[in-house]
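Listed below, chain by chain, are the residues.
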Amino acid sequence: MNIEKNRAALRRPRKLAARPGGRLERCLLMCGIVGYVGARCAQNVLLDGLTKLEYRGYDSAGLALSVGGGIRVIKSKGRLTALRARLEEATAAGLPAAHCGIGHTRWATHGEPSDVNSHPHSTPYVSIVHNGIIENYGALKAVLEAKGYTFVSETDTEVLVKLIDSCYYGEPLRALTQALARVRGSYALAVLFRDWPDTLFAVRRESPLIVGYGEGENFLASDIPAILRYTRRYSVLEEGDMVVCKAGSVQIYDEFGRAVQREKLTADWDIEAAEKGGYPHFMLKEINEQPAAITATVSPRVEDGLPDLRIPELNDQRLASIKRVHLVACGTAMHAGMVGKYVIESLCRVPVEVDLASELRYRDPIVGEDTLLIVVSQSGETADTIAALRECKARGAYVLAIVNVVGSTIARLADCALYTHAGPEIAVATTKGYTTQLSALYLFAVWAAEKLGRIDEMRYNELVAELSALPARIQRAIDLNLHVKYLAGRWHAQRAMFFIGRNIDYAAALEGSLKLKEISYIHSEAYAAGELKHGTIALIDEGRLVVALCCQTALFEKMVGNIQEVKARGAKVLGLAPEGDRRIFAEADDVLFAPGGEPLFAAAPEIVPLQLFAYYVARENGCDIDKPRNLAKSVTVE
Ligand code: F6R
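Here the structure is a predicted model, which means the values were calculated and not measured.

How each quantity is defined
- Residues numbered from 1 in each chain as written.
- Predicted model: local features only at pLDDT ≥ 70, side-chain atom pairs only at ≥ 80, totals over all residues.
- Heavy atoms only, no water.
- Pairing = 2+ DSSP bridges.
- Helix = DSSP H or I, 4+ residues; strand = E, 2+ residues; numbered from the N terminus.
- Contact = heavy atoms within 4.5 Å.
- Axes fitted to C-alpha atoms, helices over the stretch in contact; angles between N-to-C directions.
- Buried < 20%, exposed > 50% of the residue type's maximum accessible area, 1.4 Å probe, protein only.
- Phe/Tyr/Trp six-rings, centres within 6.5 Å; stacked < 30°, edge-to-face > 60°.
- Lys NZ or Arg CZ within 6 Å of the ring centre and 35° of its normal.

### Some points on the sheet that holds strand β9 (residues 210-213)
Link 1 in the chain: Pairing is antiparallel in the open sheet, where eight strands are placed in the order β3-β2-β4-β1-β10-β9-β11-β15. At either margin of the open sheet sits one strand with a lone partner, and together these are β3 (70-77) and β15 (265-266).
Link 2 in the chain: In this sheet, strand β4 (residues 100-106) lies alongside strand β1 (residues 32-37) in antiparallel orientation, the contact comprising six bridges. Its bridge partner lying in β4, Gly32 is registered against Thr105.
Link 3 in the chain: Most of the contacts of helix α2 (residues 42-53) go to β1, to which it runs at about 155 degrees, and overall it touches β1, β2 (60-67), β4 and β10 (218-221).
Link 4 in the chain: Packing against the sheet, helix α3 (residues 80-92) makes contact with β2 and β3, and its axis sits at approximately 140 degrees to β3.

### Section: unusual backbone geometry
Negative phi is the rule for most residues except glycine; trans is the rule for most peptide bonds.
Link 1 in the chain: At the junction of His119 and Pro120, the peptide bond is cis and its omega measures out at 0 degrees in the coordinates.
Link 2 in the chain: The phi torsion at Arg349 lies on the positive side, around 55 degrees, for a residue other than glycine.
Link 3 in the chain: Relative to the assigned elements, Arg349 resides in the loop between α10 (331-348) and β19 (352-356).
Link 4 in the chain: Located in the positive-phi region is Tyr521, a residue other than glycine, with phi close to 65 degrees.
Link 5 in the chain: Tracing the sequence through the fold places Tyr521 in the loop between α17 (504-520) and β24 (523-528).
Link 6 in the chain: The exposure class of Tyr521 is partly exposed, given its relative accessible area of 28%.

### Notes on the packing of aromatic side chains
Link 1 in the chain: Using the criterion set out here, one finds nine aromatic pairs in the structure.
Link 2 in the chain: Ring geometry for Tyr36 versus Phe219: centroids 5.3 Å apart, planes at 50 degrees, classification tilted. Within this pair, whereas Tyr36 is found in strand β1, its partner Phe219 is found in strand β10, the two being separated by 183 residues in sequence. In this structure, Tyr36 and Phe219 share a single accessibility class: buried.
Link 3 in the chain: Taken together, a centroid distance of 6.2 Å and an interplanar angle of 85 degrees make the contact between Trp196 and Phe201 edge-to-face.
Link 4 in the chain: For Phe201, a relative accessible area of 3% translates into the label buried.
Link 5 in the chain: Counting every residue linked through ring pairs, the aromatic cluster contains Tyr168, Phe193, Trp196 and Phe201.
Link 6 in the chain: In this structure, Lys264 is placed above the aromatic ring of Tyr213, and the distance from its NZ or CZ to the ring centre is 4.5 Å.

### Some details on the pairing of β2
Link 1 in the chain: With eight of its eight residues buried, β2 lies for the most part within the structure.
Link 2 in the chain: Covered by surrounding structure in β2 are Ser60, Gly62, Ala64 and Ser66 together with Ala61, Leu63, Leu65 and Val67, the residues of both alternating faces.
Link 3 in the chain: For β2 and β3, the ladder comprises eight bridges, and the chain directions are antiparallel. Each bridged residue has a counterpart across the sheet, and for Ala61 the counterpart in β3 is Ser76.
Link 4 in the chain: Hairpin connection from β2 to β3: two residues lie between these consecutive antiparallel strands, with Gly68 at a positive phi of about 55 degrees.
Link 5 in the chain: Pairing of β2 with β4, which is carried by six bridges, proceeds in the antiparallel orientation. Along β4, the bridge assignment pairs Leu63 with Gly103.

Taken by themselves, the reported measurements are silent on function.
Below is the structure:
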């Protein structure tokens, strides 16, 4: 490699324009990273990869390309269309096809989305894209300023690139090692050095990053869909790994600088699974994929009619030592955990606590060696869930992960994993992620109840049959509610809505309400039906829509009482009842149906009409369904 600068020249801090009055602010990111080196046009591969990652964040995007002996950076605030337009302008002005480059799509929680805050951040010698947080960026910035560096953005990433620049004497790995030794925080980084125009460098700590292997070309990405069009072969980088990636070779070094091999995995997701396949939105596609996703989750674990989790580590002895179960997750995954509590307690007769991951870590939880911690996560990369997992593991808990992404951080930190096989979930609002999590929890509960001798053979056989019937019930739930589109047309103009239910219906109400609010922006609250009268009923006014979940047939009469309470205050009621239960017509203004079956497993079919209701309401209101405002698919910061 021809390094044409001497060390002294490389050391000199380059002056960049200061942003007048620029505020020093940390930039928290949940972003998508992609990198490419090979014979194709890097611009095309990077844009294509970023399109697949846009669900991770979408308020700005950018590329850095090795061209003409330098690094060319093109970036823009806004969606990828804005970056694409800038790239077209640059191409028209003579930008040639590059063969090595890095790209980024960003979702900021601090530091406004702007051209200048967008990634890549660069000096003339090095350019980086970064996912994560540099916690001590303030102190590092002061040191760099003293050396003569100036700053144009509000981001911690700009501090990081200038730190790397200050350590760069022509040896990229040394520069990265020295710089990162001074950094506190989390990062997945893809890096271009001007003097190494055919090489990508990457580092990973606490933020996901994969390397994809092609024929005469290689890739970096935050997530599998970004590279799926080009290759299915990939490795997940481990904590502290550093990568040197050329068109014909990939070399990985561990955190001690030793050359290592990481397991090569093959993604069994096909390209269509990561594309819309004729549906107007990923969310609708993913709702319709639920029967297949549940089949893929349940059927490999039911052999000859008997559940077998296929987790050898979770043996009879381990199971017998468990005195309590802790379910920990965030958002929808936590709602799945709430359903799991009802089901596991009912079948296994073991006390179950459900915790929001972001709360558990700050409350000195009673967790020890007799605790089974079940961590639920679609992405396997949710920062709060990872932190809670670590906290409980340090206290001796045995950890089972119910997780979708193979090789994700949660899958690797857990003692064992029960994978949901939902395939790639692209819509920000999770649907098949949730129902496959429920299926995995049902499977676990039935399996453990039998092993612990808490259910007799007849009940066991009944439940196993119900597990096998789940995909058909979900399909029936889709087919039964074709009129949901019409109901959404009736109710989409509501300013606020309420969801009420009892027992498992309450847990499902929480999820139905979250789906509605996150994609339609209509304020909605879920309440345990009996609790409404203790205050919140004051919010019920004339014409307010209350969605009443009545799928727990044993509690139907109680729900009728609660429906009467809200109707007496002027509310309109959208009832959700088991198929064929005609009693609901006497109580509700409009009706949705869920196929009947085992009441303990009711949440899976009953959420389907609520997912569809949220979807069509958001569509009526012209919302950006797959990419709702302020949200990102994978929440990799605390
Ligand atoms: C809501 C949603 C979020 C996630 C939560 C946890 O539709 O998607 O509430 O459920 O951020 O994410 P995972 O399951 O990836 O840990």
